[in-house]
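# Structural overview
In case you want the letters, here they are:
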Amino acid sequence: VCGSCGMRMDGRAILACKERMKPIVDRGHVPVISAMGNMPVLKDLVVDMNPFWTKVRNMDPWVETGYLDVPEKEFRVSPEEIAPIHKEALCIMCGCCVSECNSMEADPDFLGPAALAKGMRFVGDPRDQASVERLQSYSDEHGIWDCTRCYFCTERCPKGVDPRDAIAKLGAEAMKAGID
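Below, the structure is looked at part by part. On a predicted model such as this, the values are computed, not experimentally measured, just so you know.

Here is what the cut-offs are and how they apply
- Residues numbered from 1 in each chain as written.
- Predicted model: local features only at pLDDT ≥ 70, side-chain atom pairs only at ≥ 80, totals over all residues.
- Heavy atoms only, no water.
- Axes fitted to C-alpha atoms, helices over the stretch in contact; angles between N-to-C directions.
- Helix = DSSP H or I, 4+ residues; strand = E, 2+ residues; numbered from the N terminus.
- Parallel < 35°, antiparallel > 145°, perpendicular 65-115°, else oblique.
- Left-handed = near helix turned anticlockwise from the far one by under 90°.
- Contact = heavy atoms within 4.5 Å.
- Nonpolar A, V, L, I, M, F, W, Y, C, P; charged D, E, K, R; others polar.
- Buried < 20%, exposed > 50% of the residue type's maximum accessible area, 1.4 Å probe, protein only.
- Lys, Arg positive; Asp, Glu negative; His and termini not counted.
- Salt bridge = Lys/Arg side-chain N within 4 Å of Asp/Glu carboxyl O.
- Core = buried A, V, L, I, M, F, W, Y, C linked by side-chain atoms within 4.5 Å.

### Details of the packing of helix H7 (residues 113-123) against helix H8 (residues 131-138)
- Where H7 meets H8, the closest approach of the two axes is 10 Å, and the angle between their N-to-C directions is 160 degrees. With respect to H8, the axis of H7 lies roughly antiparallel. Here the hand of the crossing between H7 and H8 comes out left-handed. When H7 is examined against H8, the residues Leu 116, Gly 119, Phe 122 and Val 123 are found in contact with a partner set consisting of Ser 131, Arg 134, Leu 135 and Tyr 138.
- Partitioning the contact of H7 with H8 into residue classes produces five nonpolar, two polar and one charged.

### Side note on the environment of Phe 122
- Positionally, Phe 122 belongs in helix H7.
- Judged by relative accessible area, Phe 122 falls into the buried class, the value being 7%.
- Counting along the chain gives 60 residues from Phe 122 to Trp 62, while the straight-line C-alpha distance between them is 6.9 Å.
- Ignoring anything within four residues of it in the chain, the contact list for Phe 122 reads Asp 60, Pro 61, Trp 62, Val 63, Asp 128, Ser 131 and Arg 134.

### A look at the environment of Thr 154
- With respect to the element layout, Thr 154 can be found in helix H9 (residues 152-156).
- Thr 154 sits 137 residues away from Cys 17 along the chain, and the two C-alpha atoms are 19 Å apart.
- Once residues within four sequence positions are removed from consideration, Thr 154 is found in contact with Asp 162, Pro 163 and Arg 164.

### Side note on the side chain of Asp 107
- Mapping Asp 107 onto the fold places it in the loop between helix H6 (102-106) and H7.
- Buried and unpaired, Asp 107 has no salt bridge, with Lys 55 as the nearest side chain of opposite charge at 7.1 Å.
- Those residues within four positions of Asp 107 in sequence are excluded, and the remaining contacts are His 142 and Asp 146.

### Description of the pattern of salt bridges
- Per the counting criterion, the structure on display carries 11 salt bridges.
- Of the charged contacts in the structure, one is a salt bridge between Arg 8 and Glu 100, with a shortest N-O distance of 3.1 Å. Linking Arg 8 in strand S1 (residues 6-9) with Glu 100 in helix H5 (residues 96-100), this pair joins segments that are 92 residues apart in sequence.
- Relative accessible area serves as the criterion here: at 11%, Glu 100 is assigned to the buried category.
- For Asp 162, the salt bridge goes to Lys 87, with nearest N and O atoms at 3.5 Å.

### Quick notes on the nonpolar core
- Ranked by internal contacts, the top residues of the largest apolar core, which has 40 residues, are Phe 52, Val 98, Leu 116, Tyr 138, Ile 144 and Leu 170.
- If you list the elements that add at least two residues to this core, you get strand S2 (12-15), helix H2 (50-57), H5, H7, H8 and helix H10 (163-176).
- No other element matches H7, which puts six residues into this core.
- Here Ile 144 is in contact with Leu 116, Tyr 138, Ser 139, Ile 167, Leu 170, Gly 171 and Ala 174, once residues within four sequence places are set aside.

Listed below in structure tokens is the structure:
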């Protein structure tokens, strides 16, 4: 599943490759197909993903090791250490969660569930040395505190990432670090 076939069917974000039409048609239902929400429509079902990718890039989606020089040995991480961010690492960046986000509908500048889940993937990584700086950035206006907690992002995620849980984890980590 690459995530490039996101669209809406009957008002819900889906991945077209995972939705089987035959059972739907056999029931006599004619679904309404439309472009994903909260993104500018370019044509038909094609949306402009540039705002989506800009927000993901703004999360600094890489591990900040804090090393000035490359260490001689790799930094090993046990499965137990990486387990807290396993779900967030499964994200395929399809945008289904963004399509359903009430906060993004009200505030297009909100970072959104996909970007914040990606942010949690790095805040929770034991190799990352920039967690406090990340949390400060994510706590700014349009960040983690602007989520309306509607859980639509979690309901529509085709990979079980649970973006709302990632946003809650970011909030908890920010509070632990004294950031509010």
